[in-house]
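Given next are the chains, with one letter for each unit.
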Amino acid sequence: MTKNTFTPELLEQHFTKNEWKKGTRLFQAKGVKTCALDGEVIRGVVSSERSNQSSYLTRLVFEGKYSDIASYCDCYVGRDCKHGSALAQCFIHEHFDQKSAASPERVVDKWLSHFQAQPSRYQPNNQQKSLLYFLKPNSYNEDDYFNLDIKSSRPKNNGGWSKTLGSEYSASSLINSAYANNDDVAVLTELMRTNQYGDTIKYFDLFERIIKTNRCFWHTNYNLNQAITLGEPLEAQWQWLALDNNLH
């Protein structure tokens, strides 16, 4: 079956002018409940004009041998009735524009209209908190990778962060928290992917991503007014620039 087997011209010329007019009235009154293309058959459920509680099963069948259609309905008329006409007009409305040209844009727009605006699926951050990242050495082996400790805090009006810190435990649950922004989601996702258990920072790109949040500090002797930053490359290596005087 070709894309345009059922054309507006073919559908309209099948019905008498009187039945087409009555079908228009029924279609405009939203009498067509369903309309679906099933191979070479348009199937639908069309309401009775006499009673909103009653409806009829209606179908339009393409007859390729004669390049024509047949219209069937389980109303008392049975064939070529106003219900078939209404179904035909519903199909034209959904699949063709006013110039009788195929309009896939109409289908796409209808599909897109079901999406919700992105912010509506996130929890509101009523507490105005943010995640803070704290680097800490392995207490059993100082030469091992750094571990990551995650807490939460509120920003201060004059800069920096409140020293009243909230403890955060599970990286997976933090992804769904109200105060995890896109940078946090990227960090937490990478942290989980590179660690089956624990919070070890094994890769430099993850370490760099954490630093670039501008919310990363040392686990001890930290200054919440000044986050850790990365300096410019020196002798082919990244050099650490810690703004806490206790680290020098």
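Located above this text is the structure these notes cover.
Remember, predicted model here, so these are calculated numbers, not experimental data.

(A) Region of interest: the packing of helix H2 (residues 17-28) against helix H3 (residues 82-95). Following both chains from N to C, one finds H2 and H3 inclined at 65 degrees, their axes separated by 7 Å at the closest point. For the pair H2 and H3, the crossing hand works out as right-handed. Facing H2, whose interface residues are Glu19, Trp20, Lys22, Gly23, Thr24, Arg25, Leu26 and Phe27, H3 presents Lys82, His83, Ser85, Ala86, Ala88, Gln89, Cys90, Ile92 and His93. For the contact of H2 with H3, the class distribution of residues is seven nonpolar, six polar and four charged.

(B) Looking closely at the packing of helix H6 (residues 182-193) against helix H7 (residues 204-211). Two numbers describe how H6 lies on H7: the axes approach to 10 Å, and their chain directions differ by 155 degrees. Here H6 lies roughly antiparallel to H7, going by the angle between them. Here H6 and H7 pass one another in a crossing that is left-handed. Judged by residue contacts, Ala186, Val187, Glu190 and Leu191 of H6 engage Leu206, Arg209 and Ile210 from H7. Looking at the contact of H6 with H7 residue by residue, the class counts come to five nonpolar, no polar and two charged.

(C) Layout of the pairing of strand E1 (residues 32-38). Bridging between E1 and strand E2 (residues 41-47) involves six bridges; their strand directions are antiparallel. Paired with Leu37 across the two strands is Ile42, which belongs to E2. The hairpin turn running from E1 into E2, its antiparallel successor, is two residues long, and Gly39 in that turn takes a positive phi close to 65 degrees.

What counts and what doesn't
- Residues numbered from 1 in each chain as written.
- Predicted model: local features only at pLDDT ≥ 70, side-chain atom pairs only at ≥ 80, totals over all residues.
- Heavy atoms only, no water.
- Axes fitted to C-alpha atoms, helices over the stretch in contact; angles between N-to-C directions.
- Helix = DSSP H or I, 4+ residues; strand = E, 2+ residues; numbered from the N terminus.
- Left-handed = near helix turned anticlockwise from the far one by under 90°.
- Contact = heavy atoms within 4.5 Å.
- Nonpolar A, V, L, I, M, F, W, Y, C, P; charged D, E, K, R; others polar.
- Parallel < 35°, antiparallel > 145°, perpendicular 65-115°, else oblique.
- Pairing = 2+ DSSP bridges.

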